[in-house]
Amino acid sequence: MPAQQRSASRTALGVAALRAAHQRIDGEPKLLDDRISEKLVDRETLERTIERAAVPEALALRVRVLLRSRFTEERLEAAVRRGVRQFVCLGAGFDTFAYRQPDWAHSLRLYEVDHGGSQSAKRASLDEAGIVRPHNLEYVAIDFESVSLRDGLKASSLDFTQPTFFSCLGVLVYLSRAAVDEIFTLVADFPPGSEIAFTFATGQAMNSEAARRVENMGEPWRTHLEVAALSRDLARLGYGPLEMLDLAEAGRRFFRERTDLLQPPPHAGIAAAIVRPRSS
Ligand SMILES: C[S@@+](CC[C@H](N)C(=O)[O-])C[C@H]1O[C@@H](n2cnc3c(N)ncnc32)[C@H](O)[C@@H]1O
């Protein structure tokens with residue numbers, strides 16, 4: 001692994017490698033068209049990921065990682081159509097949306113929020129690959145466990161009075177319950193029409209092989225959420241209904257005519273919720 005990537009979250013690099021492997025080994029159409037990810041992942045990590053690509057657990061994780069980005073980017077596009085002009089990517093890791101942004105995203109202000117360590121590793125990899133920071137992107141270094149997210153974001157140019165789209169993919173499970181609650185509370189304070197797309201793990205997933213693997217990587221899973229309680233908590237905070245990725249629809253859209261190994265996952269834990277209008 002190149003020296004500049006050693007300060008990065010290992011799980012962030014791991015999921016970037018899954019997206020990169022998708023470009024190399026899976027068929028068309030891609031679940032996520034992400035050529036940039038190949039430029040951010042070192043050759044050794046990518047080769048190791050490709051070697052394990054057909055292992056059922058690795059295959060299922062790859063599909064979930066691809067679907068969560070696809071789901072989020074489609075939700076973001078819909079949010080832009082209803083007038084949202086700010087996108088905050090919480091725990092951005094090696095997410096590449098900002099560097100391959102489609103035309104509809106050019107009206108957005110983009111914010112990538114992450115640990116300083118992951119962020120500097122990513123920026124070094126981008127520099128090395130000659131990928132220029134887009135004019136509409138700002139980096140915000142925050143440790144969700146030690147700095148208030150609100151204060152951290154206040155130090156950026158983010159406008160708290162404007163509807164805003166947040167993503168939080170593969171992140172909540174690594175945080176304390178207090179940090180998870182702070183994220184949902186903060187987003188709910190943004191104007192109606194603001195939205196958060198996120199992933200979560202249920203109690204059952206906490207005992208999985210995937211949980212053991214990331215624990216061995218030094219990034220243990222800490223917080224799980226259950227759909228019924230989460231729906232209630234979000235409603236109490238001022239969100240509309242919890243909208244889970246519809247796996248049956250995803251199966252019809254993305255997997256019906258594939259000739260590669262990709263299959264719809266049995267469960268995904270991918271969801272979104274929109275801040276509802278305040279009742280007077
Ligand atoms: C599994 S990675 C997911 C990265 C990215 N969202 C993606 O889907 O590719 C988890 C990310 O959460 C970030 N993270 C974990 N704990 C954090 C904390 N306490 N404060 C800030 N970021 C954190 C890590 O740095 C890492 O980038």
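Above this text you will find the structure in question.
Just so we're clear, the structure is a prediction, and the values are computed from it rather than from any experiment.

The subject of this paragraph is the pairing of strand E1 (residues 86-90). Side-chain direction in a regular strand flips from residue to residue, so the side chains alternate between the two faces of the sheet. Among the 5 residues in E1, 5 count as buried, and that is most of the element. Neither face of E1 is open: one carries Gln86, Val88 and Leu90, the other Phe87 and Cys89, and all of them are buried. Two elements, E1 and strand E2 (residues 109-114), share 5 bridges in a ladder whose sense is parallel. Bridged to Gln86 within E2 is Arg109. As judged from the 4 bridges shared by E1 and strand E4 (residues 164-168), these two strands associate in the parallel manner. If you follow Val88 over to E4, its bridge partner there is Phe166.

What the rule picks out here adds up to 2 cavities of 30 Å³ or more. There is about 50 Å³ of room inside the largest cavity. If you trace the largest cavity, you find it lined by Phe87, Cys89, Asp95, Phe97, Ala98, Leu110, Tyr111, Glu112 and Leu137. Broken down by secondary-structure element, the contributors of at least two residues to the lining of the largest cavity are E1 and E2. Ranked by residues supplied to the lining of the largest cavity, first place goes to E2 with 3 residues. Across the lining of the largest cavity, the residue classes tally to 7 nonpolar, no polar and 2 charged. Considering only enclosed or pocket space, the second largest cavity measures out at about 40 Å³ in volume.

Turning our eyes to something else, we now look at the layout of surface pockets. Taken as a whole, the second largest pocket encloses approximately 230 Å³ of empty space. Elements with a contribution of two residues or more to the lining of the second largest pocket: helix H4 (56-81), strand E6 (243-244) and helix H10 (247-255). In terms of residue count, H4 provides more of the lining of the second largest pocket than any other element does, 5 residues in total. In terms of residue class, the lining of the second largest pocket is made up of 6 nonpolar, no polar and 7 charged.

Parameters and conventions
Residues numbered from 1 in each chain as written. Predicted model: local features only at pLDDT ≥ 70, side-chain atom pairs only at ≥ 80, totals over all residues. Heavy atoms only, no water. Buried < 20%, exposed > 50% of the residue type's maximum accessible area, 1.4 Å probe, protein only. Helix = DSSP H or I, 4+ residues; strand = E, 2+ residues; numbered from the N terminus. Pairing = 2+ DSSP bridges. 1 Å grid on protein atoms, 1.4 Å probe; cavity = no way out; pocket = protein on both sides within 12 Å on 5 of 7 lines; lining within 4 Å. Points joined across faces, edges and corners; volume = space filled by probe spheres on them. Nonpolar A, V, L, I, M, F, W, Y, C, P; charged D, E, K, R; others polar.

Take it as geometry only, folks, not as evidence of what the structure does.
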